[in-house]
Amino acid sequence: MTLCWKGTRISWLVLVCTIVAIGAGPVQRRSNDSAPFPYDDEVRRALEALEERYRLGKAHQTHAAWAYGSNLTEFNLRKKTEAASQFAQLAKVIVEEVSKYSIDRVDDEDLKRRIKKLSKLDYAVLPDDKFRDLLASIASMESNYAKTKLCTYADPTECNLALEPEVTEIFANHRDAEELKHYWVQWYNRTGAPTRAAFQRYVELKNEAAHLNGFTSAAEAWLKEYDDTYEYEQQVDDVIKQIRPLYEQLHAYVRFKLRQKYGDKVVSPTGPIPMHLLGNLWAQTWDNIADFTTPFPEKKLLDVSDEMVRQGYTQQKMFQMGDDFFVSLNMTKLPESFWEKSILEKPTDGRDLVCHASAWDFFSVDDVRIKQCTRVNMREFFVVHHELGHIQYYLQYQHQPVEYRTGANPGFHEAVGDVLSLSVSTPKHLRKIGLLKDYAEDEEVKINQFYRAGVTKLVFLPFAYTLDKYRWGVFRGDIKPEEYNCKFWEMRSKYSGIEPPVKRSEADLDAPAKYHVSADVEYLRYFVSYVIQFQFHRAACALAGEYVKGSAEKTLNNCDIYQSTAAGNKLKEMLAMGASKPWPDTMEILTGERKMSAEAFLEYFQPLHDWLQTENERVGAHVGWTESDKCGKTIDFIAK
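For the structure given in this document, a descriptive report is provided here. (Residues numbered from 1 in each chain as written. Predicted model: local features only at pLDDT ≥ 70, side-chain atom pairs only at ≥ 80, totals over all residues. Heavy atoms only, no water.)

**As for helix 26 (residues 606-619)**
Under the 1.5 Å per step criterion, the end-to-end length of helix 26 is 20 Å for 14 residues, consistent within 8% with the ideal 20 Å. Every buried residue belonging to helix 26 is among Leu-608, His-609, Trp-611, Leu-612, Glu-615 and Asn-616, and all of these are buried. Angularly, the buried residues of helix 26 cover 165° about the axis, an arc narrow enough to put them on a single face. Of the exposed residues in helix 26, the ones pointing more than 90 degrees away from its buried face are Thr-614, Glu-617 and Arg-618. Where helix 26 is buried, its residues meet helix 10 (232-262) and helix 18 (443-458). Gly-620 occupies a position one or two residues after helix 26 and carries a positive phi of about 75°. (Helix = DSSP H or I, 4+ residues; strand = E, 2+ residues; numbered from the N terminus. Expected span 1.5 Å × (residues − 1). Buried < 20%, exposed > 50% of the residue type's maximum accessible area, 1.4 Å probe, protein only. Arc of directions from axis to C-beta. Contact = heavy atoms within 4.5 Å.)

**Some details on helix 6 (residues 163-173)**
Looking only at helix 6, the buried set comprises Leu-163, Val-167, Ile-170, Phe-171 and Ala-172. Elements that come into contact with the buried residues of helix 6 comprise helix 5 (128-147) and helix 7 (177-191).

**As for the state of the cysteines**
Linking two cysteines covalently via their sulfur atoms produces the bond known as a disulfide. Per the stated rule, a full pass over the model turns up four disulfides. Cysteine pairing for the chain (bonded cysteines numbered in sequence order): 1-2, 3-4, 5-8, 6-7. (Disulfide = S-S within 2.5 Å.)

**Brief notes about the pairing of strand 3 (residues 368-371)**
Of the two faces of strand 3, the one carrying Val-368 and Ile-370 and the one carrying Arg-369 and Lys-371 are both buried. With four bridges joining them, strand 2 (residues 358-361) and strand 3 adopt antiparallel strand pairing. Pairing of Ser-358 across the sheet is with Lys-371, part of strand 3. Following strand 2, the chain reverses through six residues before pairing antiparallel with strand 3; Phe-363 in that reversal takes a positive phi of roughly 60°. (Pairing = 2+ DSSP bridges.)

**A short note on the packing of helix 10 against helix 26**
A pair of packed helices can be characterised by two numbers: the angle between their axes and the separation between those axes. Two elements in contact, helix 10 and helix 26, have axes separated by 9 Å at closest approach and are oriented at 45°. It follows from the interaxial angle that helix 10 and helix 26 lie oblique. You can see that helix 10 and helix 26 cross each other, and the crossing is left-handed. Contact residues: Pro-245, Leu-246, Gln-249, Leu-250, Ala-252, Tyr-253 and Phe-256 in helix 10; His-609, Trp-611, Leu-612, Gln-613, Glu-615, Asn-616 and Val-619 in helix 26. Its residues placed into classes, the contact of helix 10 with helix 26 shows nine nonpolar, four polar and one charged. (Axes fitted to C-alpha atoms, helices over the stretch in contact; angles between N-to-C directions. Parallel < 35°, antiparallel > 145°, perpendicular 65-115°, else oblique. Left-handed = near helix turned anticlockwise from the far one by under 90°. Nonpolar A, V, L, I, M, F, W, Y, C, P; charged D, E, K, R; others polar.)

Here's what the structure looks like:
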C-alpha cells in the first residue's frame, strides 16, 4: 500500500522531511478582483524567489532516498543522510526567511495557507547532531528489517529466506501450524528486540522534535495532518465502533473454520485466533486462507492468477493494464520516464533493497516512479493499481506549488488507487479485460466474493487502528518502555481478537516486526483510506451510472467505473487540488460529504453481514472473544 512519503509502502526519509515547501503560483487577487495588496505582492515575490531552491533540495533528498532504498549499502546510506541533513538546513533557512513576514498583514487566504504550511519544521527543527541521530535510528531499524533472513523449517542450517517473496509465500500457502509457528517466531525475534535501543531513541527524538514544533507529543504532530482541532481521533474511534458488529461476525466465522481444520487444542472456541494461522505474518488480512474458509468452497473462487500466467502476463504488462484504466477515465498517461526509471520486479543482481511497494514523486515535471518486487498474480495486480493511484495523484497536482504537492490528508493518497481496485476486482471488469472466463455468478458465488473482500478490507481496519493507537500511546507516554510489548499484544487482542502463537514477554519488542513501525511511517493513512475509498467509490459509481441507492442491480459491490469519463473527470478535479484546500473541501468535490463515515463501507458489505449472522447462528459459532494471555514475564521460544 504506498507512496514515497507514505510507505504501503513508503520511504521514511520523505517523512523525515515533510517540511512543507514554498510554491510558485499565479498572482492571487482579492475576491473583488482588485489588484493584490502591496504587502501580499511582496510576500509572494519572496516565496517565489525561494521556490526553486526548495524544490531542488527536495528533489535531491528524494533521489538519495531512492538510491538507498534500491540498494542498501553503507555508501548509499551516508549519501541519504547527507542529503537529508542538507535539506533540513535549507528548510531552516527558508522558514527563517518566511518568519520575517507577518501573516496578520496578508490579505490573500491562499497565501496565508502557504505561509502556515511553512511554519513547522518537523524533524529539521532538531539540532544537527540530534537530527542525524534520529535518521540513524530509523535507518538502523529499517535496515535490520530489510536484511532479515530466516532459517528453513526442514533444515535450520539453511538461513537464506527473505520476507519477499519466500516468507510471504510460505504464510500464504502453507498450512502446517508448527511450520508457520517456526517462521513466525524467527521473524518477530529478529526484527523486533534487536531494534529496542534504536526504537527507544527514535521515540525520544521524535517527541523532542514535536515539542520544538509546538506539539505536546509526536502523536499530535501526526494527527495535525488530519484536523487542526484533533477531533479526527474521535472520528476514527467512531468508525471502529461502527464496524465492530460486522467484524465480530466475521471473526466468529473464521475462528469456527480454523477450529474445524486445526482442532480446539490449537484454536480456542471462544478465545483470540492464533495469528500465524491467518495467512499473513501480521494477520492484517486473511484472504490467503480463503481456500478453506470460503463459505461455499464447491463454487469456483475468483482468482485469475493462473489465467494471467497462461496469457503471458509480465510485470510490465500488469502496469500497462493499470495505466490503461486511468487513461480510460480521461486521466493522465504514464510518462516514458516512468518505464525507464522504475523498479517493477526484484533485481537479480543479489543486492539488498526495500521490496515493500512504494510510489515516488521526485518533484520535477513527470518524474514519478514505482519500486515494487512485483509477482504475477491477481493480488499483486490489485497492488499495481493501488500504487499507480499514487502516481496519478502526483501527476494531477504537479502543477501546484510544492507545499501543496501532497494529498488533501494522508489517507487520500492511499484511497485513490484502491478506488480503482474496487472496480478491477469485480467479475464484471475481469471479464472486460479477458482474464475471467467460464465463471457463473449466483447468490453463493456473490457471498464468496463479499467474503473475499471482507477478509481483505474489513479485517484490516482494526489492525491499522491498533498500529497507530499503540504508537500514540507510546509517544504520549501512556505506554511506558517497560510495558511496550505486552501493551501491544493487549491492544491487538482487544481490537482484532488475535494473539501470538507463543508466549511473548517484555524481553521482546514485536511492534517493529511491521515495516511501517521500523520505517517511521504513520499508519492512520491506511485506516482512513479503507473507509473513505468506499465514499469515493460510491460517488464515482453514481457518476458512472453504475450505482443507484436501493437498487438490486446497480449496487456498490457490482460497480466498475472503467471507461467512465464522467467519474474520471470529477476524480481528476479532486486530485488536482492536492493540499491547496482543507480536506473536507476537497472530499466534497467528489462525494458531497465533509466527514469520514463507515456508512458506505457497511452498505458495501451488508450482504456479507446478513449471511454471517445466519450462518454463525446455524453452526453455533461463538461471537466475540476472551482476552489473550500470551504476553507475560516469561519467554517461550517454541520453534522446531
